[in-house]
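The residues making up each chain are set out below.
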Amino acid sequence: MNQAQESRLMMQKAQNRCPEGSIEQSDFSFEIELLGTIYRSDQFKDDISPLTRQLYKERRNILSLEQSLACLKQTHEMIEQQILKALKT
């Protein structure tokens with residue numbers, strides 16, 4: 001089961017626990033700011049898939065940046081060691 005399916009299942013379970021017409025269900029709303037754009041729940045009606053896609057895209061970008069940063073740190077350390085070796089000789 002992929003993450004989108006798991007999210008849908010969790011939302012369905014939460015809706016089933018909340019009786020129809022209850023305060024919790026009727027007052028549910030959210031607002032997310034992503035890269036300077038504000039997304040509100042009323043923009044999506046029953047379909048939040050555009051926001052979900054954007055969030056997953058940004059998550060992938062963040063993970064990619066973290067990997068790049070880790071590689072740059074490793075390269076920096078290797079260069080630093082080479083410079084220290086050169087200075088000692």
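1. Some words on the overall build of the protein chain
Consideration 1: A count of helices and strands for the protein chain gives three helices and two strands.
Consideration 2: When the helices and strands of the protein chain are listed from N to C terminus, the series reads α-α-β-β-α.
Consideration 3: For the protein chain, buried positions account for 9% of its 89 residues.
Consideration 4: In the protein chain, of all internal contacts separated by at least 6 residues, the share reaching a separation of at least 24 is 18%.
Consideration 5: Approximately 8,200 Å² of the protein chain is accessible, and the part contributed by carbon and sulfur atoms is 55%.

2. Structural notes on the pairing of strand E2 (residues 37–40)
The two faces of the sheet receive side chains in turn, since in a regular strand these alternate between them.
Consideration 1: When strand E1 (residues 31–34) meets E2, the two strands line up antiparallel, connected through four bridges. Across the sheet, the residue bridging to Glu-31 is Arg-40, located in E2.
Consideration 2: Following E1, the chain reverses through two residues before pairing antiparallel with E2; Leu-35 in that reversal takes a positive phi of roughly 55°.

3. Thoughts on the side chain of Glu-58
Consideration 1: Here Glu-58 is to be found in helix H3 (residues 49–88).
Consideration 2: Leave out the neighbours within four places in its chain, and Glu-58 touches Leu-34 and Leu-35.

4. Regarding the environment of Gln-43
Consideration 1: By secondary structure assignment, the location of Gln-43 is in the loop between E2 and H3.
Consideration 2: When the C-alpha atoms of Gln-43 and Glu-31 are compared, they prove to be 9.9 Å apart, with twelve residues separating the residues in sequence.

5. As for a nonpolar patch on the surface
Consideration 1: Together, Ile-79, Ile-83, Leu-84 and Leu-87 make up a nonpolar patch on the protein surface, roughly 420 Å² of accessible area in all.
Consideration 2: Looking at the secondary structure, you find Leu-84 in helix H3.
Consideration 3: The class for Leu-84 is partly exposed, based on a relative accessible area of 47%.

Conventions we followed
- Residues numbered from 1 in each chain as written.
- Predicted model: local features only at pLDDT ≥ 70, side-chain atom pairs only at ≥ 80, totals over all residues.
- Heavy atoms only, no water.
- Helix = DSSP H or I, 4+ residues; strand = E, 2+ residues; numbered from the N terminus.
- Buried < 20%, exposed > 50% of the residue type's maximum accessible area, 1.4 Å probe, protein only.
- Contact = heavy atoms within 4.5 Å.
- Areas by Shrake-Rupley, 256 points an atom, 1.4 Å probe, with all protein chains shown as cover.
- Pairing = 2+ DSSP bridges.
- Patch = residues over 30% accessible without salt bridge, like charges linked within 9 Å, V, L, I, M, F, W, Y side chains within 5 Å.
- Salt bridge = Lys/Arg side-chain N within 4 Å of Asp/Glu carboxyl O.

Spatial relationships are all this shows, so hold off on functional conclusions.
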